[in-house]
Amino acid sequence: MAKNPQENDQNKEAGQQAAGNGKQPSLNVLTQYVKDLSFESPGAPQSLRNRGEKAPAININVNVNANPLGGSDYDVLLTLNARAESDKNVMFNVELLYGGIFRIEGFPQEHMLPLLFIECPRLLFPFARQIIADATRNGGFPPLMIDPIDFARMFQQRMAEEQAKSKVQAS
């Protein structure tokens, strides 16, 4: 049995009102960009020839920042640093600041931080990962394929650290 059109409109309206400000929730990527990319291979060309069988120690750091741009637009910046060392010699050091401008509308305020620090970087990560892989490959090394990142866990850790800081400052 088909629903009447008036019921569908009422259901749609109820969903929009549940979103908080009467708009259907939406998350749009307006643009993505490389803010900064740096690749250093201080030991080249020797570090390219003396690979041996021992794999280098690779240290990867990840950070996410978000800033409002006005209205419903936000700038989310994903920072990836990867440093490879072998026998205390730096083989390569790559740093990428990869950003995205997102338009976020219709979500309740309590969902904004998780959207900005979990969902937005999750959307940016595959592109940033490819840039890092290309940079290391173009530097003469095998492409560095960074494992997927659990941005939800990162966000939870960050929130726990900020709560601990606020408790210490309040004491």
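The model shown is predicted, which means the values in this text are computed figures rather than measured ones.

### Some points on the pattern of salt bridges
Okay, step 1: According to the stated counting rule, one finds 5 salt bridges in the structure shown.
Okay, step 2: Of the charged contacts in the structure, one is a salt bridge between Arg103 and Asp73, with a shortest N-O distance of 2.7 Å. Placement of Arg103 in strand E4 (residues 89-105) and of Asp73 in strand E3 (residues 73-86) is noted, with a sequence separation of 30 residues between them.
Okay, step 3: Classification of Arg103 by relative accessible area gives partly exposed; the value is 30%.
Okay, step 4: Between Arg158 and Glu162 there is a salt bridge whose closest N-O contact spans 3.9 Å. One end of the pair is Arg158 and the other is Glu162, both in helix H4 (residues 151-170) and 4 residues apart, which spans about a single turn.
Okay, step 5: On the basis of relative accessible area, Arg158 is assigned to the partly exposed category, the value being 26%.
Okay, step 6: Exposure remark for Glu162: the relative accessible area of 42% places this residue in the partly exposed category.

### A closer look at the packing of aromatic side chains
Okay, step 1: One pass over the structure, following the stated rule, counts 5 aromatic pairs.
Okay, step 2: Pairing Phe39 with Phe141 gives two aromatic rings, centres 6.5 Å apart and planes at 55°, and the pair type is tilted. Taken together, the residues span a long stretch of sequence, with Phe39 in strand E1 (residues 26-40) and Phe141 in the loop between helix H3 (112-138) and H4 at a distance of 102 residues.
Okay, step 3: A relative accessible area of 5% places Phe141 in the buried class.

### As for the confidence of the model for the protein
Okay, step 1: For the protein, mean pLDDT is 86; residues scoring 70 or higher make up 84% of the total.
Okay, step 2: Across residues 7-20 the pLDDT falls below 50, and counting only partners more than four positions away or on other chains, this stretch makes 11 contacts in the model.

### Focus on the sheet that holds E1
Paired through backbone hydrogen bonds, the strands of a sheet run either parallel or antiparallel to each other.
Okay, step 1: The strand order across the open sheet built from 4 strands is E1-E4-E3-E2, with neighbouring strands paired in antiparallel fashion. The open sheet has two edge strands, E1 and strand E2 (57-70), and neither has a second partner. Along the sheet, successive strands turn relative to each other by an average axial angle of 15°, direction set aside.
Okay, step 2: As paired elements, E2 and E3 share 13 bridges and run antiparallel to each other. Each residue of the ladder has a partner; that of Asn61, found in E3, is Asn81.
Okay, step 3: Across the sheet, H3 is in contact with E1, E2, E3 and E4; its angle to E4 comes to roughly 140°.

### Digging into the pairing of E4
Okay, step 1: Within E4, 12 of the 17 residues are buried, which leaves it mostly tucked inside the rest of the structure.
Okay, step 2: For E1 and E4, the ladder comprises 13 bridges, and the chain directions are antiparallel. For Leu37, the partnering residue across the bridge sits in E4 and is Leu96.
Okay, step 3: The antiparallel hairpin formed by E3 and E4 contains 2 residues in its connecting segment, where Asp87 sits at a positive phi of about 55°.

Reading the values: rules and limits
Residues numbered from 1 in each chain as written. Predicted model: local features only at pLDDT ≥ 70, side-chain atom pairs only at ≥ 80, totals over all residues. Heavy atoms only, no water. Salt bridge = Lys/Arg side-chain N within 4 Å of Asp/Glu carboxyl O. Helix = DSSP H or I, 4+ residues; strand = E, 2+ residues; numbered from the N terminus. Buried < 20%, exposed > 50% of the residue type's maximum accessible area, 1.4 Å probe, protein only. Phe/Tyr/Trp six-rings, centres within 6.5 Å; stacked < 30°, edge-to-face > 60°. pLDDT = per-residue confidence, 0-100. Contact = heavy atoms within 4.5 Å. Pairing = 2+ DSSP bridges. Axes fitted to C-alpha atoms, helices over the stretch in contact; angles between N-to-C directions.

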